[in-house]
Structures are given as structure tokens and as C-alpha cells.
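In case you want the letters, here they are:
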Amino acid sequence: MELAATQQDISPTAIPPLKYKIQDVRYLRFQVNLLTNLLGIYVIGSLTLVSGGLLWLSHEMQQSRQQTIQEIQTQIKILEANRNP
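Residues numbered from 1 in each chain as written. Predicted model: local features only at pLDDT ≥ 70, side-chain atom pairs only at ≥ 80, totals over all residues. Heavy atoms only, no water.

Caption draft 1: Just the overall build of the chain, in detail. Helix and strand counts for the chain come out as two helices and zero strands. Going through the 85 residues of the chain one by one, you find that 1% of them count as buried. When the accessible surface of the chain is split by element, carbon and sulfur atoms take 65% of a total near 8300 Å². (Helix = DSSP H or I, 4+ residues; strand = E, 2+ residues; numbered from the N terminus. Buried < 20%, exposed > 50% of the residue type's maximum accessible area, 1.4 Å probe, protein only. Areas by Shrake-Rupley, 256 points an atom, 1.4 Å probe, with all protein chains shown as cover.)

Caption draft 2: Structural view of a nonpolar patch on the surface. On the surface, Y27, L28, F30, L34, L35, L38 and I41 cluster together to form a nonpolar patch covering roughly 760 Å² of accessible area. Relative to the elements of secondary structure, I41 occurs in helix α2 (residues 17–83). (Patch = residues over 30% accessible without salt bridge, like charges linked within 9 Å, V, L, I, M, F, W, Y side chains within 5 Å. Salt bridge = Lys/Arg side-chain N within 4 Å of Asp/Glu carboxyl O.)

What follows is the structure in C-alpha cells.
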């Protein structure tokens, strides 16, 4: 008789429906928190990658402009040197 009572206490039917609802609410809150944290990490990672890419692109464009300016200045100096012997 005691064994049957113990198994009955463990069975899911022994838990009142309100307790099931409370467990469901806790589990759903856990899932929402987990998904919110993962989304935050994803957003921060994405912003970091995009901003890093933009900074790199800006640096490369500035380097390219400086190189172009130096090449033009060199060409001007050569032309001036050839023009005035």
C-alpha cells in the first residue's frame, strides 16, 4: 500500500494544475531571459563587426587619398623639372 501511495505522489497527476502553471510560467520566463540575452549578444556582436568594418574602410580610403595626392605631387615636380631645365 505504501509503495502505491509513493508512486502516486510522484506521478504528474499528483501535482495540482496550479503548480503546473507556475512551473510553465517559470520555464517561459527562463526562455525569455535566455533569448533576450542571446539577442543582446548578437546585436552587440553585429554592431561591433559593422563599426569595425566601417572604421577599416574609412582608414583604407584615407590611405588611398594620401597615396593619390603624393603621386600627383610627384608628377607635378617631374613636369616642373622637365619644363624648366
